Every structure is written in C-alpha cells, then in structure tokens.
Amino acid sequence: MSHTEADLVQILHTGPFHLALRTALAVRGLPLQRVQHHLAHRGVKVGVTSLSYWQQGARRPQRPESLKAVSALEEVLRLPGNSLLRLLTDDTAARSEVERPAARSYRSLVEASGSVEELLAELESPTDGGLHTVGHHERVRIGAGRELVGRESQHVVRAHRDGVDRYLAIHHGDPGCDPSRVAVRAVENCRTGRVRWHAGTGVLIAELLFDARLRAGDTYLFSYGFEDGTAGPSGEYVRGFSFAGGQYVLQVRFDEAALPVRCRRFAQASTGAPRGGRAELTLSGRHRAVHVVEQGVRPGILGVDWDWT
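The rules we used
Residues numbered from 1 in each chain as written. Predicted model: local features only at pLDDT ≥ 70, side-chain atom pairs only at ≥ 80, totals over all residues. Heavy atoms only, no water. Buried < 20%, exposed > 50% of the residue type's maximum accessible area, 1.4 Å probe, protein only. Helix = DSSP H or I, 4+ residues; strand = E, 2+ residues; numbered from the N terminus. Arc of directions from axis to C-beta. Contact = heavy atoms within 4.5 Å. Pairing = 2+ DSSP bridges. Axes fitted to C-alpha atoms, helices over the stretch in contact; angles between N-to-C directions. Expected span 1.5 Å × (residues − 1). Left-handed = near helix turned anticlockwise from the far one by under 90°. Nonpolar A, V, L, I, M, F, W, Y, C, P; charged D, E, K, R; others polar.

### Re helix 4 (residues 48–56)
Thought 1: Within the span of helix 4, buried status applies to Leu-51, Ser-52, Trp-54 and Gln-55. Relative to the axis of helix 4, the buried residues are bounded by an arc of 160° and lie together on one face.
Thought 2: The inward-facing, buried residues of helix 4 contact helix 2 (17–28), helix 3 (32–41) and helix 5 (64–76).
Thought 3: The positive-phi residue at the C-terminal boundary of helix 4 is Gly-57, with phi of around 85°.

### Considerations on the sheet that holds strand 12 (residues 289–294)
Thought 1: One open sheet holds the 6 strands; their spatial order is 4-7-2-1-9-12, and the pairing between them is mixed. One side of each edge strand has no neighbouring strand; the edge strands of this open sheet are strand 4 (183–188) and strand 12. Within the sheet, the average angular offset between the axes of one strand and its neighbour, ignoring direction, is 15°.
Thought 2: Where strand 9 (residues 247–254) lies against strand 12, 6 bridges are found, and the strand directions are antiparallel. Residue pairing for strand 12: Gln-251 is matched across the bridge by His-291.

### Digging into helix 5
Thought 1: Relative to the 18 Å expected for 13 residues at 1.5 Å per residue, helix 5 spans 18 Å between its end C-alpha atoms, a close match to the ideal helical length.
Thought 2: Among the residues of helix 5, those classed as buried are Ser-66, Ala-69, Val-70, Ala-72, Leu-73, Glu-74 and Val-76.
Thought 3: Positive phi shows up at Arg-78, right after helix 5, with a value of about 55°.

### Considerations on the side chain of Gln-55
Thought 1: Looking at the element boundaries, Gln-55 is found in helix 4.
Thought 2: Residue contacts for Gln-55: discarding those within four places in its chain leaves His-18, Leu-21, Arg-22, Leu-25 and Leu-32.

### Some details on the packing of helix 3 against helix 4
Thought 1: As a packed pair, helix 3 and helix 4 sit with axes 9 Å apart at the nearest point and diverge in direction by 115°. Our pair here, helix 3 against helix 4, has a crossing hand that is right-handed. Residue-level inspection shows Leu-32, Gln-33, Val-35, Gln-36 and Leu-39 of helix 3 in contact with helix 4, the latter providing Val-48, Leu-51, Ser-52 and Gln-55.
Thought 2: Here the residues of the contact of helix 3 with helix 4 sort into 5 nonpolar, 4 polar and no charged.

### Structural notes on the sheet that holds strand 13 (residues 300–307)
Thought 1: One open sheet holds the 4 strands; their spatial order is 8-13-10-11, and the pairing between them is antiparallel. Edge positions in the sheet fall to strand 8 (236–241) and strand 11 (276–281), since each has one partner strand and no second. Averaged over neighbouring strand pairs, the angle between their axes works out to 15° when direction is ignored.
Thought 2: Bridge analysis of strand 8 against strand 13 gives 6 bridges, and the strand direction is antiparallel. Residue pairing for strand 13: Val-238 is matched across the bridge by Gly-303.

### A short note on unusual backbone geometry
Backbone geometry follows two general trends: most residues other than glycine have a negative phi, and most peptide bonds adopt the trans configuration.
Thought 1: A positive phi angle, near 55°, is found at Arg-78, a position not held by glycine.
Thought 2: If you trace the backbone, Arg-78 turns up in the loop between helix 5 and helix 6 (83–95).
Thought 3: Within the chain, Asn-82 stands out as a residue other than glycine whose phi angle is a positive 70°.
Thought 4: Here Asn-82 is to be found in the loop between helix 5 and helix 6.

Any link to function would need more than the numbers given here.
This is the structure:
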C-alpha cells in the first residue's frame, strides 16, 4: 500500500509507533540497509533485523541505545523532533491497558471442558492466561494405523497483560488415548514445565515456560509438539479458538499406507452447534496432505474431518 505525506502526518499524530515508522520508511523510499548506513554515519549501530522488527511491531526499542537510535531515525527520515519517541512513550503508558480481546469459554470449545478446567485449576492457572494468538501454524500427522501420531505447532502470541511468562498447551487425544504415554516436546523458545493429564478423557495440559517475561503488547514466538500414537483410528482434527484475530494454518498429513477417500474443512460456533462452512479438500499426491488457512480467526472451532471408506 502506498502512503502520502498527509498519511505520515496523520499516523505520526495517532500512532502506533511501528506503523508510524513503517509509513515514514515508505514515504521516504528508504530501504532498511540505507537507513542502517545513515545511522552508522551518525555513530549509531543498529541491525537491519532490529529495524525490521521495530517496523513490524514484533519488537519495541526500549534500551537507552535503542532510544538513541530512534532519535537518530527521526533525523534520517526528516521527521519532527521527538515524533517517534513520543509515540513510544504514549504506547508504553498504554501497554498496561492493552485491549483484551473478547474470549469464549472452554465449555463452548472443548467437549471435555470439565477435565480441562479441573487441570487448569490444579496448575493454578487463571481462566485468562494473558495471551492471544497472532499466528499459529499446526502440522498433524496420521500414521499407518490411521492413528494420530503427533502434532507440531509454531505459535506467535501477544500478551494483553504484564508479567506473562508461560503458555498452557492442551492436547485432547482421540478415544482410547493414554495421556500418560503422550510425550511433550518443547522445540523453540520455551521449555517444558509441569504436565498434568486426565486418563478418562485423554486430556493433557503442558506448561511451556518462556525465556522472557512479557509485558502487555509484547509478542512471542515459540514451537512445541505432542507425540501421541496411543489411540485408535482418527477421523478428524479440531482446534478451538477463545479469541478472535490472527492467522491459523492447519496441515494434516497421512501415511501413504493409510489414505482417506475424502477430506473436508468445517467450522462450528461451539461444540454442540451444527457443523458449517464445509469445503472439500484435495489430498496432494506427493505429500499426502491437506491444509486449511484462516486469515482472521473468529471465536469458535475449526477443523478437518475425513472418511476412510
């Protein structure tokens, strides 16, 4: 999207910081490498990656040397003095009041909601964990015995309150699942904390501890997975969303020895609601997988189901 000088003036007034920086870069026509070069001539060292994170809103300049770089950026981009720094100050003042998206309860999203709530209470977790999803890419693997072998997630979240340093990942196995045998894998930017499960419903909750304590507005990227393979044949995979917003990508991959004859996407407003939003999915020949992409998730349930015969 192209921006004008008038757009820049308006955004410098309203913020937020990352959007104002991105607009200024676009209006001035300066690539990040040139900006870094101009800053270096002013004795300010900052990486292109940091500049990219700042304009995306994935990171915020907070340290003294970073704030010095922001002041120099105003000069490089020919902006009024303190115009970007002021937005940082205003954003910081508002960070503790970051809007918390409207949430749906577990009871409307998870069939075994009683078990989930019981385990959350055991982990002394508040109903609102302080995080909502910005982006979630999930890969599900179905084995040669038609069973759910495992799943992996790359998750980007944003904190809507200060002090958040963990995420509770919920795994709900298929009928017959033995959660005591399900393995939790903390892959990137997290480590496994406490793990609790409920044998009767096949529900397992894993505490994933972050490498940083987040403040309201901070984003965080982490990856994790569950290795299951303990239940019988699987016929669907579903994901419940408490909050609106963010992108969700789900891929379901099948073993070449057990390919379904039909796959469909579906959506539900709640566990008891009828399934709608049906769409046929074509199994890719080479990779034996189907996928769905939801650009702007709404509270509720999304999933893929399939027929074996």
